[in-house]
Amino acid sequence: MKPKIYLSSPHMGDTEQAYVKEAFDSNWVAPLGANVTNFEVALENYLGNNTYVAALSSGTAALHLALILVGVQWGDEVLCQSMTFSASANPIVYQGATPIFVDSEKDTWNICPSALESAIKDRISKGKKPKAIIAVHLYGMPFNVEALRLISNKYEIPIIEDSAEALGSTYKGQKCGTFGDISVLSFNGNKIITTSGGGALVSKSEAIKQKAVFLATQARDEAPHYQHSEIGYNYRLSNICAGIGRGQMEVLDQRVISRRKNHHFYKQVFSNFEGITVFEEPSTDYYSNHWLSCILIDSNAAKFTPEQLREALENENIESRPLWKPMHLQPVFKDALYYGGVISETLFQDGLCLPSGSNLTHEDLERINSVIQKLA
Ligand SMILES: *Cc1c(COP(=O)(O)O)cnc(C)c1O
């Protein structure tokens, strides 16, 4: 059996181990230390726009703290893009709040501005004004930032920007991760850069960053003894993991180039296939890191279904995956309210994510290509 080709696997640069070694040498094997601080600074410099970054143990933890920091409490309602990974929605439930799911738009596959506005109007008419909007840049594709910002301002509902998949993407030249009232990054093992596990909360205010760090380190009041006036969490990033993150920041630009090259490769592979669309930016306002390259298959026009392609790849030890199953179709959220039509559902039926790692070799791409050509 040939070696497995993964959907998206970690890709280390040259300096990660040296930063991890620094942590060992200085004995800062803890959730604080120079790597944590320097990783935060590297992220702040990269994102620009006067951002303040708190490095955390996961993107999920960052989303949880973001909800707390915008004031979501037990019994509140939170709007959330349905077409996403479950980690976007789960923290709503951690807070004892209720997720209300919203359909996608065709262009970006992200939260549909008109379905979102209908949802807001309807919830307000029922006396339940939503407390926050969780919008996601799925697969690295920016959501329609301008339309979302207008809605957020009009109804005075903050946006939590889930940029877990979109570090390196931009909208109108501005980096994803800087558009939310609070924004969230992930450095999980499958993301464009990784700390093995980790995340970050991004805000425009130093006070919010400090509050995030306070909550992430067990909400300890200033006192010689352990004293607490609030419920805290253990959500800080370890100094070991942050060392990996420092090294990864040095190669982030290269990783974006490689992922975008994969996208280009799939464009060429499928250029003479009927019924296959490679997902791409709807206009030059959008610049995707193409974290994952995805296709839609029109099974009437194409010679194969998404499942047939997935199985053909799997037989050659190549991983692919259907698009994320919308949250309103998940058993765990079967009772949740949903606004919109069948766009996210149709995307789920027709789509497939293809191997997209920045470490795919020429030989890997040839193996993938030959499976696809055999189905032609
Ligand atoms: C990965 C991911 C998360 C969660 O990040 P973790 O670091 O794995 O907790 C949240 N939202 C989306 C869209 C993701 O892809």
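Residues numbered from 1 in each chain as written. Predicted model: local features only at pLDDT ≥ 70, side-chain atom pairs only at ≥ 80, totals over all residues. Heavy atoms only, no water.

## As for the packing of helix H1 (residues 16-25) against helix H8 (residues 239-249)
Where H1 meets H8, the closest approach of the two axes is 7 Å, and the angle between their N-to-C directions is 150°. Viewed along their axes, H1 and H8 adopt a mutual orientation that is roughly antiparallel. Remark: the crossing between H1 and H8 carries right-handed chirality. For the pair H1 and H8, contact is made by Glu16, Tyr19, Val20, Glu22, Ala23 and Phe24 and by Asn239, Ile240, Gly243, Ile244, Arg246, Gly247 and Gln248, respectively. Across the contact of H1 with H8, the residue classes tally to six nonpolar, four polar and three charged. (Axes fitted to C-alpha atoms, helices over the stretch in contact; angles between N-to-C directions. Helix = DSSP H or I, 4+ residues; strand = E, 2+ residues; numbered from the N terminus. Parallel < 35°, antiparallel > 145°, perpendicular 65-115°, else oblique. Left-handed = near helix turned anticlockwise from the far one by under 90°. Contact = heavy atoms within 4.5 Å. Nonpolar A, V, L, I, M, F, W, Y, C, P; charged D, E, K, R; others polar.)

## Some details on the site of the ligand
Looking at the ligand, there are 16 residues lining it, with Thr60, Asp162, Glu165, Ser186 and Lys191 nearest. Between the ligand and Lys191, the relevant distance is 3.3 Å, taken from an oxygen atom to a side-chain nitrogen or oxygen of the residue. Gly198 places a polar main-chain atom, nitrogen or oxygen, 3.4 Å from an oxygen atom of the ligand. Alone, the ligand offers 380 Å² of accessible surface; in the complex the protein occludes 93% of this. At three residues, the largest contribution of residues to the shell around the ligand is made by helix H3 (residues 59-69). (Near = heavy atom within 4 Å. Polar contact = N/O pair within 3.5 Å; in protein donor to acceptor, adjacent residues only side chain to side chain. Areas by Shrake-Rupley, 256 points an atom, 1.4 Å probe, with all protein chains shown as cover.)

## As for the domain arrangement of the protein
By the assigned domains, the protein splits into domain 1 (16-250) and domain 2 (253-374). Contact with domain 1, which involves 44 residues of that partner, is made by 37 residues of domain 2. Where domain 1 meets domain 2, there are zero salt bridges. Inspection of the domain 1/domain 2 interface yields 21 residue pairs in polar contact (both at pLDDT 80 or more). Going through the elements one at a time, helix H4 (90-94), strand S3 (98-102), helix H5 (113-125) and strand S6 (170-171) are the ones with two or more residues in the side of domain 1 that touches domain 2. The residue makeup of the side of domain 1 that touches domain 2, split by class, is 22 nonpolar, 12 polar and 10 charged. (Domains from an automatic or database assignment. Salt bridge = Lys/Arg side-chain N within 4 Å of Asp/Glu carboxyl O.)

## Describing the sheet that holds strand S10 (residues 276-278)
Strands sit in the order S10-S12-S14 across an open sheet of three strands; the sheet is antiparallel. Bordering the open sheet on either side are S10 and strand S14 (351-354), each of which pairs with just one other strand. Strand-to-strand twist of the sheet, defined as the mean angle between neighbouring strand axes without regard to direction, takes the value 25°. Bridge analysis of S10 against strand S12 (residues 293-297) gives three bridges, and the strand direction is antiparallel. In the sheet register, Thr277 faces S12, and the bridge partner there is Leu296. Where helix H11 (residues 343-350) meets the sheet, it contacts S12 and S14, and its direction lies at approximately 60° from that of S14. (Pairing = 2+ DSSP bridges.)

## As for the state of the cysteines
Note on terminology: disulfide describes a covalent bond linking the sulfur atoms of two cysteines. Inspection of every chain in the model, using the stated rule, returns zero disulfides. Cysteine Cys353 remains unbridged, with the sulfur of Cys294 as its closest cysteine sulfur at 3.9 Å. A relative accessible area of 0% means that Cys353 is categorised as buried. (Disulfide = S-S within 2.5 Å. Buried < 20%, exposed > 50% of the residue type's maximum accessible area, 1.4 Å probe, protein only.)

## Considering the sheet that holds S6
Taken in spatial order, the three strands line up as S7-S6-S11 in an open sheet, and their pairing is antiparallel. Each edge of the open sheet is held by one strand with a lone partner, namely strand S7 (174-175) and strand S11 (286-287). Here S6 pairs with S7 via two bridges, running antiparallel. Paired with Tyr171 across the bridge in S7 is Gln174.

## What to know about the pairing of strand S8 (residues 182-186)
Most of S8 is tucked away, with five of its five residues classed as buried. Residues Ile182, Val184 and Ser186 of S8 are buried on one face, and the alternating residues Ser183 and Leu185, pointing to the opposite face, are buried as well. Inspection of the sheet shows strand S5 (residues 159-162) paired to S8 by three bridges, in the parallel sense. The residue of S8 that forms the bridge with Asp162 is Val184. The sheet contact formed by S8 and strand S9 (residues 199-203) spans four bridges and is antiparallel.

## What to know about the environment of Leu201
Locating Leu201 in the fold gives a position in strand S9. For Leu201, a relative accessible area of 0% puts it in the buried group. Counting along the chain gives 16 residues from Leu201 to Leu185, while the straight-line C-alpha distance between them is 6.6 Å. Among all residues touching Leu201, those that are not within four sequence positions of it are Tyr52, Val53, Ala54, Leu56, Ala62, Leu65, Ala66, Leu69, Ile182, Ser183, Ile208 and Ala212.

## Remarks on helix H7 (residues 206-216)
Along H7, the residues classified as buried are Lys209, Ala212, Leu215 and Ala216. Along the axis of H7, the buried residues cluster in a sector spanning 130°; they form a single face. Where H7 is buried, its residues meet helix H2 (34-47), strand S1 (52-56), H3 and S9. Its side-chain oxygen at 3.2 Å from the backbone nitrogen of Ala207, Ser205 defines the N-terminal cap of H7. Of the residues flanking the end of H7, it is Gln218, one or two places downstream, whose phi is positive at about 70°. (Arc of directions from axis to C-beta.)

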